[in-house]
Amino acid sequence: MRESIWWTVSIACAVVMVLLLSLHMGIMHLAGLLNVLGLNLGDVRAFSAVVARGKNPVQMVVYVIFLAVALYHGLYGLRGILLEVTQNRRWEVTITGLLFLAGIAAFVYGTYVTVKTFTG
Amino acid sequence: MLAEDQKKVVFRIFRFNSGDGGAPRFQEYTVPVQKGMTVLDGLVYIKENLDGTIAYRSSCRMGICGSCGMIINGFPQLACQTQILHLESQVVEVRPLSNYPVIKDVVPDLSSLMRNHTAVRPYIIRLDDEKERPTREYLQSPQELEAYLQFAYCIKCGLCLAACPTVATDASFLGPQALAAAYRYIADSRDSGMEARAPILDTPHGVWRCHFAGACTEACPKGVDPALAIQLLKRALVLRTLRLARVQAPAPVAPPLAPAPRPDIPKAPEPTVALVREQKSEGVEERRS
Ligand code: HEM
Ligand code: SF4
Ligand code: FES
């Protein structure tokens, strides 16, 4: 399999992370700046606003997307580091397989916790 | 008594012989140095006057052959291009290039460099028959030449591999020299070898192991900039995978010359019968018409 496919996905995940983190910074921490630009989101850090977001399905989906891209990017990076010190094809396949399973497990558990938090 | 413009410098040389099983050690030699003397000159002085048993590799002594790479005062450099006085140090420490096995003293075993270099097929690959049965020269514009020229200056000295932190940890990594050589041919408008080379380059120990430390570029004595070549190679491979690469036919051969007769130059005298026959057999008659 071409390595460039997995590398490109990893970079695409990093781009998604930059976009989501920019959204997070803009909405949560740069309200004053948005106000100057004529966009008033109200008191986004008030308790009622936090509770409302905690029930918003869009917010939940964004969390799960962030979980997926951060997991893929981070584990792909870790695989790169581990493959650098692996000179044996069998070990390479084993490391890739184990990281894949760890990623799936973390994603399933993280999604379960997120959905439970938003809907429970 | 040393002349006014002479000073003494201590050469601290790594000594090791892979054949005798002894431990590596450093040995010191005092060398009288004049302006203009290179580290290679210092080694030659030691071998000829102080100790004939030291081993180093050199040939052209002018930065062309790539034989004399060594770690000089901590940096990978060509001994023949390093002025002793420019080091501004009383001690010149000379070690063999890092990331290679040592054969003897400062002579490294460059087999890995050559193996990786040949693995990327560092020559023009054509799908037509032009290389085996050449008819004419290839057409290449100055802009097309610029696309790869810088990367063609590599002299296979191996300094970049000695500087590369990834080569230090990953013995299977192709390394900056081979990756830059691959890009040099992929960027060449006469080449159509991307498909042949991609299975070697687009692998876990290929181009993707480069973290862009840039140490190769800093070390290269010929201004090749292997780090740039590797990033351009990454781009070319991603575009190929995404099927966004502009597929370009390789450079064609130059059209046959058809000299137009100039009216101000008188016609040549009629050829002799024998010449006419010869020209006809070469097709000259047809081209003129
Ligand atoms: C906005 C966020 C991020 C951006 C823009 C980003 C970007 C990048 C880039 C460009 C690379 C280099 C890829 C390469 O050399 O092939 C990389 C590598 C890496 N990233 Fe991220 N990253 C981000 C967040 C993260 C996060 C949150 C993690 C951990 C969960 C992470 C873990 C890694 C690892 C482990 C590597 C591999 C490092 C290496 O090979 O030396 N990154 N990242
Ligand atoms: S790229 Fe530069 S440092 Fe590397 S082998 Fe070629 S000339 Fe030497
Ligand atoms: S002796 Fe040829 S490069 Fe130094």
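Residue positions within a chain follow its written sequence, with the count starting from 1. Each chain takes a letter, starting from A, and each ligand takes a number, starting from 1, following the order in which they are written. In keeping with the predicted nature of the model, local features appear solely for residues at pLDDT of at least 70, side-chain atom pairs appear and are counted solely at 80 or more, and the whole-chain, interface and lining totals rest on all residues. Processing note: side-chain calculations cover all non-hydrogen atoms of the structure and skip hydrogens and water entirely.

1. Some remarks on the layout of surface pockets
A 1.4 Å probe that fits but cannot get out identifies a cavity on a 1 Å grid over protein atoms alone, an open set with protein on both sides within 12 Å along at least five of seven lines counts as a pocket, and a residue lines either if it has an atom within 4 Å of a point. Grid points are joined across faces, edges and corners, and a volume is the space filled by probe spheres set on the points. Here the largest pocket defines a volume of roughly 1,000 Å³. Taken together, 29 residues make up the lining of the largest pocket; nearest its centre are B:Ile186, B:Ala245, B:Arg246, B:Val247 and B:Gln248. For the lining of the largest pocket, the secondary structure elements donating two or more residues are α3 (142–149), α6 (175–186), α7 (194–201) and α9 (226–241) of chain B. The biggest single contributor to the lining of the largest pocket is α9(B), with five residues. Here the term charged refers only to Asp, Glu, Lys and Arg, the term nonpolar to Ala, Val, Leu, Ile, Met, Phe, Trp, Tyr, Cys and Pro, and the term polar to all other amino acids, Gly among them. When the residues that make up the lining of the largest pocket are grouped by side-chain class, the tally is 17 nonpolar, four polar and eight charged. Approximately 690 Å³ is the volume found for the second largest pocket. Forming the boundary of the second largest pocket are 27 residues, of which A:Trp6, A:Tyr72, A:Tyr76, A:Arg79 and A:Thr96 lie nearest the centre. Helical segments are the DSSP runs of H or I of at least four residues, strand segments are the runs of E of at least two, and each set is numbered from the N terminus. Elements represented by at least two residues in the lining of the second largest pocket include exactly α1 (3–29), α4 (57–84) and α5 (89–119) of chain A together with α7 of chain B. For the lining of the second largest pocket, the element with the most residues is α5(A), which contributes nine residues.

2. Describing the sheet that holds strand β4 (residues 75–78) of chain B
Residue and element names in this part refer to chain B. Judged by pairing direction, the sheet is mixed, and its five strands sit side by side in the order β2-β1-β5-β3-β4 without closing on themselves. Edge positions in the sheet fall to β2 (25–34) and β4, since each has one partner strand and no second. The mean angle between the axes of side-by-side strands here comes to 35°, regardless of whether they run parallel or antiparallel. Bridging between strand β3 (residues 69–72) and β4 involves four bridges; their strand directions are antiparallel. Bridge assignment links Ile72 to a residue of β4, and that residue is Phe75. Whether two residues are in contact is decided by their heavy atoms: any pair within 4.5 Å suffices. With axes taken as lines fitted to C-alpha atoms, and helix axes fitted only over the stretch in contact, angles between N-to-C directions fall between 0 and 180 degrees. Strand contacts of helix α1 (residues 39–50): β1 (6–15), β2, β3 and β5 (91–95), with the helix running at about 105° to β2, the strand carrying the most contacts. Between any two strands, pairing holds if DSSP finds at least two bridges.

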